[in-house]
Amino acid sequence: VRYQLVDSGETAKYLEDSIRKIQIVFCAFGCLSLMIAGVNITNSMYAVIAERQREIGIRLAIGASTMQVKNLLMGEATINCITSSIVGILFGEWINHQLITLLEWDYIWITHTSILCFLLVNGVCLMSCYVPLLRINSINPIRAIQATTT
């Protein structure tokens, strides 16, 4: 019979290294997902501006400044970003709780991680919304009203 002695320190170091690599891969997937979401939000905001060009033109024609129109659209985007991120975090925590209950693991909710995710997601969302709003500076109110009249 052969016996082999295993150093638990080496095993622990190997497991820590493996967990660290997995964390890096998940972080990379998260960053990639966040970049793709930012591009999609930017495209959606361009579509909103194109779709609401007549409304924007009317507002500019009756005396609203471009800053007021930007603030209006940014306010709408902010409400959408905050609402969707809260729903997403709550849904993710609910799924997490269900899995942990099913697998009978111990779970500690880390508040600062959720807050960091909330701030990061909303920051990317709001930056992605702001870039298309710069296009409002080039909208001619008369052309915007005339071009979309059917």
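Before going into details, it helps to say that this report is about the structure given with it. (Residues numbered from 1 in each chain as written. Predicted model: local features only at pLDDT ≥ 70, side-chain atom pairs only at ≥ 80, totals over all residues. Heavy atoms only, no water.)

## Description of unusual backbone geometry
Despite not being glycine, Glu 104 shows a phi value in the positive range, around 60°. Mapping Glu 104 onto the fold places it in the loop between α3 (66-103) and α4 (111-133). With a relative accessible area of 71%, Glu 104 lands in the exposed category. (Helix = DSSP H or I, 4+ residues; strand = E, 2+ residues; numbered from the N terminus. Buried < 20%, exposed > 50% of the residue type's maximum accessible area, 1.4 Å probe, protein only.)

## Section: the nonpolar core
Counting 15 residues, the largest nonpolar core has Ile 49, Ile 56, Leu 73, Leu 133, Ile 136 and Ile 139 as its most contacted members. For this core, the secondary structure elements donating two or more residues are α1 (8-51), α2 (53-61), α3 and α4. For this core, the element with the most residues is α3, which contributes five residues. Those residues in contact with Ile 136 that sit more than four places away from it in its chain are Ile 49, Ile 56, Thr 66, Val 69, Lys 70 and Leu 73. (Core = buried A, V, L, I, M, F, W, Y, C linked by side-chain atoms within 4.5 Å. Contact = heavy atoms within 4.5 Å.)

## Structural notes on the packing of aromatic side chains
Counting across every chain of the model gives one aromatic pair. Relative to Trp 94, the ring of Phe 91 lies with its centre 6.1 Å away and its plane at 25°, an arrangement referred to as stacked. Here the residue Phe 91 and the residue Trp 94 both occupy positions in helix α3, the gap between them amounting to three residues, near one helical turn. (Phe/Tyr/Trp six-rings, centres within 6.5 Å; stacked < 30°, edge-to-face > 60°.)

## As for the pattern of salt bridges
Counting across every chain of the model gives four salt bridges. Of the charged contacts in the structure, one is a salt bridge between Glu 76 and Arg 52, with a shortest N-O distance of 2.6 Å. Taken together, the positions of Glu 76 in helix α3 and Arg 52 in the loop between α1 and α2 put the pair 24 residues apart, joining distant regions of the chain. Take Glu 76: its relative accessible area is 31%, and that puts it in the partly exposed class. A single salt-bridge network, built from bridges that share partners, covers Arg 52, Glu 55, Arg 59 and Glu 76. (Salt bridge = Lys/Arg side-chain N within 4 Å of Asp/Glu carboxyl O.)

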